[in-house]
Amino acid sequence: MRIPEGVVIAPSVLAADYARLADHVREAEEAGARWFQLDVMDGRFVPNLAAGLPVARALRASTEAFLDAHLMVHEPGRFLGPFADAGADLITIHQEASLHLHRDLTEIRRLGCRAGVALNPSTPAETIGEVLHLVDLVLVMTVNPGFGGQKFIRPVLPKLGRIQELVAERGLAPTRLQVDGGVDLETAPLAVEAGADVLIAGSSVFRGTGTVAENFHALQSAAAIRL
């Protein structure tokens, strides 16, 4: 499946009610969501456990939208085939967690999925310079991964510009830039202004003050303020 174009609000189902997963996904889709993220955590790379292959399969059965599997796991190469088989359109792995990043990204593409690479807040953009030609998306974490509902780390934002510079220096096509963590009505326009075009939003969509649709539309409006 093609990556949706333009600035995208992508709900993270980590914040959804798993007992109502299909309903929450449908409500977000009816509001206009074209992209969903599944956060996978192993309790080793990050201090939490979340989701897994059964949830990935259930999510795939619930929607035909673009499905992004964000693997926050140690040695992600072990899980690439299973998540591709479960229906992920994009598999994102962490630079810090992959012992052989070039090989793992190449394998994601061989499996027929889009490839993404993620950077923790303290990881410099330059660490992925030699694999940018293999990725469709770079995820810049704006919280330390492991838990939803954390506060957005604003000093991370200049990293988006540095990634754009690295891409341009290598003569590559523009790469989608995603931010994940603490995205809300206040931080969404800051992320877009800094260069992000995919905003992952969990709590602010599924646990906000309004309905899922109202929360989603409010984020869309906020992200469009400085487009």
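Structural notes, computed from the coordinates. Owing to the predicted nature of the structure, the values given are computational and were not obtained by experimental measurement. (Residues numbered from 1 in each chain as written. Predicted model: local features only at pLDDT ≥ 70, side-chain atom pairs only at ≥ 80, totals over all residues. Heavy atoms only, no water.)

### Quick look at helix α4 (residues 101-110)
No. 1: Listed in full, the buried residues belonging to α4 are Leu101, Asp104, Leu105 and Ile108. Within α4, the buried residues cover an arc of 95° as seen down the axis, which keeps them to one side. Exposed side chains of α4 directed beyond 90 degrees from the buried face belong to Arg103 and Arg110.
No. 2: Within two residues after α4, Gly112 carries a phi angle of roughly 90°, on the positive side. (Buried < 20%, exposed > 50% of the residue type's maximum accessible area, 1.4 Å probe, protein only. Helix = DSSP H or I, 4+ residues; strand = E, 2+ residues; numbered from the N terminus. Arc of directions from axis to C-beta.)

### Things to note about the sheet that holds strand β7 (residues 137-141)
No. 1: The nine strands lie next to each other as β1-β9-β8-β7-β6-β5-β4-β2-β3, forming an open sheet whose pairing is mixed. Of all the strands in the sheet, the pair left with one neighbour each is β1 (8-11) and β3 (49-50).
No. 2: Where strand β4 (residues 66-72) meets strand β5 (residues 90-94), four bridges bridge the pair, whose relative direction is parallel. Within β5, the position partnered with His70 by the bridge is Thr92. (Pairing = 2+ DSSP bridges.)

Interpretation in functional terms is not warranted from these geometric data alone.
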